[in-house]
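# Chain and residue survey
The chain contents come next:
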Amino acid sequence: MVPPSWLLDAGYANAPGDPTADAPFALLLAAPLACALFHVAVQIPAGLLGTWLGRGGTALAKYVSAVMVAGALSLLVFWRLGQGTWGTRDGMAWA
């Protein structure tokens, strides 16, 4: 799992002795939480929709439809994370 650049930059945003700095464990929780949110937003709906769209077909047809739905949902999530831009470096790092 590779954290996005904004997460790595956040760890060094404040001076080491600054009492307003976030707790270090927040960075440890942010990456797994982002992965869990991506799983809920993309992978679970893609599996359900792919199975439904590929019903009556072979296992390969179900798999291909699930991958196509996952691709479309991933693009929508990255579009939203990039605030309406496709070429964000953080989105590409996660991709």
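Just so you know, these numbers come straight off a predicted model, no measurement behind them.

### Some details on the environment of Pro45
Residue placement: Pro45 occurs in helix 2 (residues 24–53). By relative accessible area, Pro45 is classed as partly exposed at 24%. In the structure, Pro45 is positioned 21 residues away from Ala66 in sequence and 8.9 Å away in space, judged by C-alpha atoms. Setting aside residues up to four positions removed in sequence, Pro45 forms contacts with His39, Val40, Gly50, Val69 and Leu73.

### Some points on helix 3 (residues 59–81)
For helix 3, with 23 residues, the first-to-last C-alpha span of 32 Å sits near the 33 Å given by 1.5 Å per residue. Within helix 3 the residues assigned to the buried category are Ser65, Ala66, Val69, Ser74 and Phe78.

### Structural notes on the side chain of Ser74
In this fold, Ser74 is placed in helix 3. Ser74 gets classed as buried once you look at its relative accessible area, which sits at 16%. In terms of polar contacts, Ser74 uses its side chain to reach the backbone carbonyl oxygen of Ala70, at 2.8 Å.

### Remarks on the packing of aromatic side chains
Under the criterion given, the structure shown has zero aromatic pairs. In this arrangement the basic side chain of Arg55 is found over the ring face of Trp52, its NZ or CZ atom lying 4.5 Å from the centre.

### Things to note about the side chain of Ser65
Examined against the element boundaries, Ser65 turns out to sit in helix 3. Within the structure, Ser65 has its side chain in polar contact with the backbone oxygen of Gly50 (distance 2.7 Å). Ignoring anything within four residues of it in the chain, the contact list for Ser65 reads Gly50, Leu53 and Gly54.

What counts as what
- Residues numbered from 1 in each chain as written.
- Predicted model: local features only at pLDDT ≥ 70, side-chain atom pairs only at ≥ 80, totals over all residues.
- Heavy atoms only, no water.
- Helix = DSSP H or I, 4+ residues; strand = E, 2+ residues; numbered from the N terminus.
- Buried < 20%, exposed > 50% of the residue type's maximum accessible area, 1.4 Å probe, protein only.
- Contact = heavy atoms within 4.5 Å.
- Expected span 1.5 Å × (residues − 1).
- Polar contact = N/O pair within 3.5 Å; in protein donor to acceptor, adjacent residues only side chain to side chain.
- Phe/Tyr/Trp six-rings, centres within 6.5 Å; stacked < 30°, edge-to-face > 60°.
- Lys NZ or Arg CZ within 6 Å of the ring centre and 35° of its normal.

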